[in-house]
Amino acid sequence: MEQELQTIQKFYNIIIEFFVNYSFQLIGAIIIFVIGWFLANKISNAVRKLCEKNELDVTLTKFVVNIVKFGLIIGITIIALGKIGITLTPFIAGIGAASLGAGLALQGTLSNYGAGLSIIIGRPFIVGNTITVEGISGVVEEIRLANTILSTEDGEIITIPNKHIIGEVIVNSFEYKVVESVVGIDYKCDPKKAIEAIRAVLNSFENEVSKELKAQIGIKEFGDFSINIELRYWSLTKSYFETQYRVNLAIYEAFKQNNINIPFPTYNLIKKD
């Protein structure tokens, strides 16, 4: 029991001695850290407002703000620790050695981070764009350091590791996606009249079909039973399939109103005696 009391007494004396010798340094370190944290938040908010004022991309804005904030906090932490006599030189050496081992173990993760940094700085696409990579298509919802998040018209969320984006062919159609369709008309019908009817239908879709990206309509080929007219127009990616179905129905109804026939294959069967 007496030995335990002596141990507690020694521990108490060490604490008292520490506070007597380093109380002012400790208070100074805390004050430096609190003021520094406050300034880091203020400066990062000012950087965010500056980026928004210059209409910088959302992802790039977040990246710049986080870099500024964490850089300031790390610098303030080093100053605060130095105030109470703690040097970071041994820690930095240890971190360097540990980083080498961690880098070898996390090659895949680090390659994703490197690719994400390349996307954020190079900006081959931004949030809201429609991209297609390796056959995967969707609207960009978020660009992270490790991966990029896409969404589809069906509400699906697609997560693509950034290392599978950099170095691949990226198709960026911004907020629209092209619709390609073919409709056949009878050889007895006027193709010019059919083309004008299709154009009128597309013009009636004011919000879903792009007016800036002009639709392309023309004769694609002369088939065995029909004149095949191809139409290419740009639809909002968020309503791609819905718009395509509605346009097809509207074209069918327009053809009926204008007496434009959609033929079907016919064969003459000859009966031999």
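Our structure's up above, just so we're on the same page.
Residues numbered from 1 in each chain as written. Predicted model: local features only at pLDDT ≥ 70, side-chain atom pairs only at ≥ 80, totals over all residues. Heavy atoms only, no water.

A. Looking closely at the packing of aromatic side chains. In the structure shown here, the tally under the stated rule is three aromatic pairs. Relative to Phe241, the ring of Tyr240 has its centre 5.0 Å away and its plane inclined at 90°; by these criteria the two rings are edge-to-face. Note on Tyr240: relative accessible area 12%, which makes it buried. A ring pair is formed by Phe241 and Tyr245, whose centres lie 6.4 Å apart and whose planes are at 35°; its orientation type is tilted. Here Tyr245 and Phe241 lie together in helix 6 (residues 240–257), a separation of four residues that amounts to about one turn. According to the relative accessible area criterion, Phe241 is partly exposed, its value standing at 39%. Look at Tyr245 and you get exposed, because its relative accessible area is 54%. Against the face of Tyr240 rests Lys177, its NZ or CZ located 4.8 Å from the ring centre. (Phe/Tyr/Trp six-rings, centres within 6.5 Å; stacked < 30°, edge-to-face > 60°. Buried < 20%, exposed > 50% of the residue type's maximum accessible area, 1.4 Å probe, protein only. Helix = DSSP H or I, 4+ residues; strand = E, 2+ residues; numbered from the N terminus. Lys NZ or Arg CZ within 6 Å of the ring centre and 35° of its normal.)

B. Local environment of the pairing of strand 7 (residues 216–222). Where strand 7 meets strand 8 (residues 227–236), six bridges bridge the pair, whose relative direction is antiparallel. The partner of Ile217 across the bridge, within strand 8, is Leu231. Where strand 7 hands over to strand 8, the hairpin turn is made up of four residues, counted between the paired strands. (Pairing = 2+ DSSP bridges.)

C. Examining the sheet that holds strand 4 (residues 157–161) more closely. A sheet is described by the order of its strands in space; here five strands give the open sequence 4-3-2-1-5, paired in antiparallel fashion. Either end of the sheet is taken by a strand with one partner, and the two such strands are strand 4 and strand 5 (170–174). Geometrically, the sheet is characterised by an average inter-axis angle of 40° between neighbouring strands, direction not taken into account. Taken together, the four bridges between strand 1 (residues 130–133) and strand 5 define a ladder with antiparallel strand orientation. Each bridged residue has a counterpart across the sheet, and for Val133 the counterpart in strand 5 is Ile170. (Axes fitted to C-alpha atoms, helices over the stretch in contact; angles between N-to-C directions.)

D. Geometry of the pattern of salt bridges. Within the structure shown, the criterion is met by four salt bridges. Residue Arg144 is joined to Glu142 by a salt bridge in which the shortest nitrogen-to-oxygen separation is 3.3 Å. Here Arg144 falls in the partly exposed class, since its relative accessible area comes to 39%. A salt bridge links Glu180 to Arg232; its shortest N-O distance comes to 2.9 Å. Of this pair, Glu180 sits in strand 6 (residues 176–185) while Arg232 sits in strand 8, placing them 52 residues apart in sequence. (Salt bridge = Lys/Arg side-chain N within 4 Å of Asp/Glu carboxyl O.)

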